[in-house]
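# Close look at the chain arrangement
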Amino acid sequence: MIKIGWLFYTYGEVFLLNLFKQNKSIVKSINSLLLIGYYLVNLGYAIITIAYWEKINSIFQMINTLSYHLGLIIIGLAVLHYNNVLCLTYLVKTKSLKQ
């Protein structure tokens, strides 16, 4: 998951630069905040998952549990990612309309 966060950070900078009209200082700060938020969500999810982990008795149950938890965090991160993209796009569009 760390590699995915770094890919979002690297390639998302291009999107943010286009969105904020090449304003590198704003893009760098927003991109860093998004990366820190991504890592905090992953860390929090891992801690909660480990705290409430049920007892596993078989390989099948282990694969089933891991698949469920991985699917849950991937879907949650995807929702957060698209929510961030939509919010940033909306904020920039409304700001450009006011000017």
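So, how was this worked out
- Residues numbered from 1 in each chain as written.
- Predicted model: local features only at pLDDT ≥ 70, side-chain atom pairs only at ≥ 80, totals over all residues.
- Heavy atoms only, no water.
- Helix = DSSP H or I, 4+ residues; strand = E, 2+ residues; numbered from the N terminus.
- Buried < 20%, exposed > 50% of the residue type's maximum accessible area, 1.4 Å probe, protein only.
- pLDDT = per-residue confidence, 0-100.
- Phe/Tyr/Trp six-rings, centres within 6.5 Å; stacked < 30°, edge-to-face > 60°.

### Focus: the environment of L33
Along the chain, the position of L33 falls in helix α2 (residues 24–51). Note on L33: relative accessible area 61%, which makes it exposed. A C-alpha to C-alpha distance of 12 Å links L33 and F8, two positions 25 residues apart in sequence.

### Some details on the confidence of the model for the protein chain
Chain-level pLDDT for the protein chain is 87 on average; 96% of the residues reach the 70-or-more range. Within the protein chain, no element has a lower average pLDDT than helix α1 (residues 2–19), which sits at 85, and none a higher one than α2, at 90.

### Things to note about the packing of aromatic side chains
This model, assessed by the stated rule, comprises three aromatic pairs. Judged by centre distance (6.3 Å) and plane angle (85 degrees), the rings of F8 and Y38 are edge-to-face. Of this pair, F8 sits in helix α1 while Y38 sits in helix α2; the two residues are 30 residues apart in sequence, bridging distant segments of the chain. Three or more aromatic residues joined by ring pairs form one cluster here, namely F8, Y38 and Y39.

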